[in-house]
Amino acid sequence: MTISLASPLQIGDLTLKNRFVLASLMRDRNPGTVPTELNVEYYRQRVTAGLLLSEGIMIEPLGSEWTNAAGIFSEKQIAGWKKVTDAVHAEGSIIFAQLWHAGRMTHPALQAGQPTVGPSAIAAKGGKFRQLVGYV
Ligand SMILES: Cc1cc2nc3c(=O)[nH]c(=O)nc-3n(C[C@H](O)[C@H](O)[C@H](O)COP(=O)(O)O)c2cc1C
């Protein structure tokens, strides 16, 4: 049996209009961790997919390894995301938030000097983000 990617897909209570899914892609376009109109535009441009997965979204102020990553722990951030979800729903698509905490990969420079918090005491080695102090 051949199933077209353009055909709807039932996942639990959700009906996706097609089987295309946008992968989570960190865009780093959130000044002060707050999503803006640029995020609304970015996700609206991709609503032809049946399901959009958001970029990783910080669940608390200590969770980031990226500059300008989005959060969802303050009223301002939530209001920014509400504009995104409203725009996506208005265009007939669905969006899931990818909740994110970078654990031992977080960096004090991104969290007002607060130390890194992770599930183990083993330090991360090497870093992708060479603009931050201490990464080699
Ligand atoms: C710029 C960039 C940002 C990304 N951001 C995320 C992210 O926020 N969350 C995540 O789970 N994966 C993220 N990824 C991984 C992509 O989702 C992944 O590359 C995509 O699903 C394709 O899979 P592949 O790289 O294994 O082919 C990112 C990748 C890139 C290149």
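Remember, predicted model here, so these are calculated numbers, not experimental data.

Okay, the UniProt feature "domain: NADH:flavin oxidoreductase/NADH oxidase N-terminal" (unreviewed entry) in the protein next. Residues annotated in UniProt with the feature "domain: NADH:flavin oxidoreductase/NADH oxidase N-terminal" (unreviewed entry) correspond here to residues 5-124. Across residues 5-124 one finds 20% helix and 21% strand; the C-alpha atoms that close the span lie 40 Å apart.

Secondary-structure assignment places Glu 55 in strand β4 (residues 51-58). Reaching out from Glu 55, the side chain makes a polar contact with the side chain of Asn 30 at a distance of 3.2 Å. Setting aside its immediate chain neighbours within four residues, Glu 55 contacts Leu 25, Met 26, Arg 27, Asp 28, Asn 30, Asn 39, Tyr 43, Ala 70, Trp 81 and Gln 98.

Moving on, we get to the packing of helix α1 (residues 37-44) against helix α2 (residues 75-90). Taken N-terminus to C-terminus, the directions of α1 and α2 make an angle of 25 degrees; their axes are 9 Å apart at the nearest point. Considering their axes alone, α1 and α2 lie roughly parallel with respect to each other. Viewed along their axes, α1 and α2 form a crossing whose handedness is right-handed. On the side of α1, the interface is formed by Glu 37, Asn 39, Val 40, Tyr 43 and Arg 44, while α2 contributes Trp 81, Lys 83, Val 84, Ala 87 and Val 88. Class assignment of the residues belonging to the contact of α1 with α2 gives a composition of 6 nonpolar, 1 polar and 3 charged.

How each quantity is defined
- Residues numbered from 1 in each chain as written.
- Predicted model: local features only at pLDDT ≥ 70, side-chain atom pairs only at ≥ 80, totals over all residues.
- Heavy atoms only, no water.
- UniProt positions renumbered as here; feature names shortened; annotations may be inferred.
- Helix = DSSP H or I, 4+ residues; strand = E, 2+ residues; numbered from the N terminus.
- Polar contact = N/O pair within 3.5 Å; in protein donor to acceptor, adjacent residues only side chain to side chain.
- Contact = heavy atoms within 4.5 Å.
- Axes fitted to C-alpha atoms, helices over the stretch in contact; angles between N-to-C directions.
- Parallel < 35°, antiparallel > 145°, perpendicular 65-115°, else oblique.
- Left-handed = near helix turned anticlockwise from the far one by under 90°.
- Nonpolar A, V, L, I, M, F, W, Y, C, P; charged D, E, K, R; others polar.

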